[in-house]
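Chain and residue survey
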Amino acid sequence: MVETFDAVVVGAGHNGLTAALYLADEGWDVCVLERNDEPGGSVRSDELTREGYIHDTHSTNQNLFVGSQVFEEFGDELREAGLAFSRSDKPFANVYPDGESLRVYQDVDRTREAFEAHSPADAAGWDTLREEFGRFAETLVPLMGQPLPSVAAGRTLLDAVRTERPSGLIDLAQIPLSSTRELGDAYFETPEAKALMACWGLHIDFGPDVSGGAMFPFLESFTALSEGISVATGGASAIPEALTTLIERRGGEVRTNAEVTAVDTQNGRATGVTLTDGTTIRAREAVVANLTPTVLYDRLVDDAALPESFRETVDRYEYGPGTMMIHLALDELPDWAAGEDLSEFAYVHIAPDVDTLAETYTAAQNGQLPESPMLVVGQTTAVDASRTPDDGQILWIQVRALPSEIDGDAAGEIDATDWDTAASPMADRVLDKLETYAPGVRDSILDRDVHSPADLEATNPNLVGGDSVAGSHHLRQNFLWRPFPGWSRYGTPVDELYVCGASTWPGAGNNATSGQLCAQRVLAQPFEERVIETVEEYVGDAATAVQQRLS
Ligand SMILES: Cc1cc2nc3c(=O)[nH]c(=O)nc-3n(C[C@H](O)[C@H](O)[C@H](O)COP(=O)(O)OP(=O)(O)OC[C@H]3O[C@@H](n4cnc5c(N)ncnc54)[C@H](O)[C@@H]3O)c2cc1C
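Report follows, based on the coordinates. Quantities reported herein were computed from a predicted structural model and do not represent experimental measurements.

**Details of the state of the cysteines**
This structure, assessed with the given rule, holds zero disulfides. Here Cys31 is not cross-linked by a disulfide; its sulfur's nearest cysteine counterpart is in Cys500, at 15 Å. Classification of Cys31 by relative accessible area gives buried; the value is 0%.

Next comes the structure, spelled out in structure tokens:
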């Protein structure tokens, strides 16, 4: 007998789980199918180096989840199911080659003093940006939690126009539309302060000269200033585990080691899925895919179920450069040359200057291993001491940006062009760089675990080419254009097949928003659904025209 559920969710990333939770909360019978042995996707923790050392395998900064709608609505129950966060009030700092450093505290005055001591002009620029952030947060940030296009988003924009007047809004919009180099040049004097902002752009796929790159650094820097940085106490897996508990309490199921090989369709409608072992599971109402477009449409949906023009659209979906993760077990946290107190910060960025960031990004885009990649050094145990059973420490190092496929080495040292061979020498380059900023760190390493871009994709197929954000967030593929113009509200050309996840609006990060908004779309009444489709089609045509101009 074929098993049947109201909804089948493919992929237990935090968005897939969130979608399942909202559906189960409405009384739907849901089943989440996950190919890996644990739920969570890029929100997961494992013992990667030593017994009892719990590393956040991919994402570590959980600020977006803490600020999400799902946490607001289900926070009490998630906490009761074991979810807790450890927060650092020293969110991030940057170190520079000459021993200089800049620090951002969860304390407006202290941060300002740090900027003032570095450069009064930078302090003034920081103040101005902070004021702009206040205006932005009040008027435009709500859009990040709303479907695009939608009546709610239209209202938000209208309110923003009322509050700011068109001229104020146009003025404000200049910040997020800027590149990070433009942002730095407009507000700061010193190369250090300019790099402090620009390095956040490279967390996603914004080299310093890409328009629109300033939005994430602008939001992230000032959110860290007001909220600090939070990690999940005991490990990132606490998030998917708690979400799973809530789904199960509502009668839903989360099955692991269950890889879906096909979304089954009949007469243009999704009817269920098939697993690797040939098992079929039916869906009465909906199939929700927590998948990036190339995985969903190239591997799981039969060509015959998709219009030819849509296939071409899928082929145009672009991924950003790759990421490497280096997990270290240490006997002590780094002794930073720029100041002992830096070992207390959640993140230390090693991103010397804007030009080096530009070289790194260009090298990665051109298939070259960069000479000086940007490092995000997450000092996990400085935030959550429970991660090791003894006095040992954990570092989480994200290496940005790397080529997905290697054509050569900008430094002329690494001959390998496959990641299996190149990962280890590249990790050595990273650790040599770290050593110059934190002398002695290499001697304190007890164990290391290196994940190349190819390893990232092998662990999670959504990370195509090791792109940690599942698709470029450049303007032409964000907002109304994510993943495609006309399809930004989680629908697909196949009836009752929906998508959520980092490749859909509002994009990557542990915001859980697309899971929530996708579930709301699935639950929409027929009349509401017709309105959504009409608006989507109308706005989609305009969005396509704009995208063609931007391309
Ligand atoms: C290295 C790294 C560091 C990051 N750091 C941060 C950070 O600090 N803070 C932050 O907010 N964000 C960070 N991000 C981004 C963030 O983690 C992701 O954007 C987010 O987790 C994506 O969630 P998702 O719901 O789209 O699903 P994903 O995490 O992509 O999960 C999708 C799931 O689907 C499963 N799946 C795929 N194909 C199938 C199939 N055929 N059948 C069944 N299951 C399938 C996968 O195994 C996976 O478990 C980071 C990402 C990476 C990779």
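**Examining a nonpolar patch on the surface**
Taken together, Phe527, Val531 and Val535 make up a surface patch of nonpolar side chains, about 260 Å² in accessible area. One can find Phe527 in helix 18 (residues 526-550). Residue classification places Phe527 among the exposed residues on the basis of a relative accessible area of 59%.

**Section: the nonpolar core**
Note that soluble globular proteins tend to have their nonpolar side chains buried in a common cluster. In this structure, Phe65, Leu78, Phe115, Trp126, Leu129 and Leu196 are the most contacted members of the largest nonpolar core, which totals 96 residues. Counting 35 residues, the second-largest nonpolar core is a separate cluster that includes Ile350, Met426, Val430 and Ala438.

**Structural notes on the site of the ligand**
Lining the immediate environment of the ligand, one finds 37 residues, of which Glu34, Ser42, Asn462, Ala502 and Asn510 sit closest. With respect to the ligand, the side chain of His14 contributes an N or O atom lying 3.3 Å from an oxygen atom. The separation between an oxygen atom of the ligand and a polar side-chain atom of Asn36 is 3.3 Å. Coverage of the ligand by the protein chains reaches 95% of its 1,000 Å² of free accessible surface. Considered class by class, the residues forming the shell around the ligand number 14 nonpolar, 20 polar and three charged. Shared between two domains, the shell around the ligand takes at least three residues from each, and those domains are domain 1 (3-46 + 236-318 + 469-550) and domain 2 (85-106 + 321-467).

**Examining unusual backbone geometry**
Excluding glycine, most residues fall at negative phi; most peptide bonds, likewise, are trans. In this structure, the amide linkage connecting Arg400 to the following residue, Ala401, adopts the cis form with an omega of -10°. Here Ala401 lies in strand 17 (residues 393-402). Of the consecutive residues Trp505 and Pro506, the connecting peptide bond is found in the cis state with omega at 5°. Along the polypeptide, Pro506 turns up in the loop between strand 20 (497-499) and helix 17 (513-522).

**Notes on the side chain of Thr18**
Residue position: Thr18 is located in helix 1 (residues 14-25). Excluding anything up to four places from it in sequence, Thr18 contacts Val70, Leu243, Ala512, Gly515 and Gln516.

**Digging into the pattern of salt bridges**
Enumeration over the complete set of coordinates arrives at 31 salt bridges. Among the ionic pairs, Arg50 bridges to Asp447, the shortest N-O distance being 2.8 Å. Here Arg50, found in the loop between strand 3 (45-47) and strand 4 (54-56), pairs with Asp447, found in strand 19 (residues 445-451); they are 397 residues apart in sequence, far enough to count as distant. Among the residues examined, Asp447 registers a relative accessible area of 28% and is labelled partly exposed. Asp409 is the salt-bridge partner of Arg429, the closest N and O atoms lying 2.7 Å from each other. You can see Arg429 sitting in helix 15 (residues 419-437) and its partner Asp409 sitting in strand 18 (residues 408-409), a full 20 residues away along the chain. Here Arg429 falls in the buried class, since its relative accessible area comes to 12%. Residue Asp409 is classed as buried on the basis of its relative accessible area, which comes to 10%. Connected through shared salt-bridge partners, Asp25, Glu77, Glu80, Arg249 and Arg250 make up one network.

**A short note on the sheet that holds strand 19**
Each strand in a sheet pairs with another by means of backbone hydrogen bonds, the pair being arranged parallel or else antiparallel. Taking strand neighbours across the sheet as the criterion, the seven strands line up as 7-6-14-16-17-13-19 in an open arrangement whose pairing is mixed. Strands at the two margins of the open sheet, each flanked by one partner only, are strand 7 (101-104) and strand 19. Put simply, the sheet's adjacent strands are angled 20° from each other on average, direction ignored. The sheet contact formed by strand 16 (residues 374-378) and strand 17 spans five bridges and is antiparallel. Residue pairing across strands places Val376 opposite Gln398, the latter belonging to strand 17.

**A few points about the packing of helix 1 against helix 17**
Helix packing geometry: the angle between the two helix axes and the distance between the axes. Look at helix 1 against helix 17: their axes get within 7 Å of each other, and the N-to-C directions meet at 40°. One way to sum up the angle between helix 1 and helix 17 is to call them oblique. Between helix 1 and helix 17 the crossing geometry is right-handed. In contact with Asn15, Thr18, Ala19, Tyr22 and Leu23 of helix 1, helix 17 contributes Thr513, Ser514, Gly515, Gln516, Ala519 and Val522. The residue makeup of the contact of helix 1 with helix 17, split by class, is five nonpolar, six polar and no charged.

**Re the packing of aromatic side chains**
Under the criterion given, the structure shown has 22 aromatic pairs. When the ring of Trp126 is compared with that of Phe222, the centres are 4.5 Å apart and the planes differ by 35°; the resulting orientation is tilted. In this pair, Trp126 sits in helix 5 (residues 120-139) while Phe222 sits in helix 9 (residues 215-227), placing the two residues 96 residues apart along the sequence. No difference in accessibility class separates Trp126 from Phe222, as the two residues are buried. Taken together through their ring pairs, the aromatic side chains of Phe115, Trp126, Phe133, Phe136, Phe188, Phe218 and Phe222 make up a single cluster.

Conventions and cut-offs
- Residues numbered from 1 in each chain as written.
- Predicted model: local features only at pLDDT ≥ 70, side-chain atom pairs only at ≥ 80, totals over all residues.
- Heavy atoms only, no water.
- Disulfide = S-S within 2.5 Å.
- Buried < 20%, exposed > 50% of the residue type's maximum accessible area, 1.4 Å probe, protein only.
- Patch = residues over 30% accessible without salt bridge, like charges linked within 9 Å, V, L, I, M, F, W, Y side chains within 5 Å.
- Areas by Shrake-Rupley, 256 points an atom, 1.4 Å probe, with all protein chains shown as cover.
- Salt bridge = Lys/Arg side-chain N within 4 Å of Asp/Glu carboxyl O.
- Helix = DSSP H or I, 4+ residues; strand = E, 2+ residues; numbered from the N terminus.
- Core = buried A, V, L, I, M, F, W, Y, C linked by side-chain atoms within 4.5 Å.
- Near = heavy atom within 4 Å.
- Polar contact = N/O pair within 3.5 Å; in protein donor to acceptor, adjacent residues only side chain to side chain.
- Nonpolar A, V, L, I, M, F, W, Y, C, P; charged D, E, K, R; others polar.
- Domains from an automatic or database assignment.
- Contact = heavy atoms within 4.5 Å.
- Pairing = 2+ DSSP bridges.
- Axes fitted to C-alpha atoms, helices over the stretch in contact; angles between N-to-C directions.
- Parallel < 35°, antiparallel > 145°, perpendicular 65-115°, else oblique.
- Left-handed = near helix turned anticlockwise from the far one by under 90°.
- Phe/Tyr/Trp six-rings, centres within 6.5 Å; stacked < 30°, edge-to-face > 60°.

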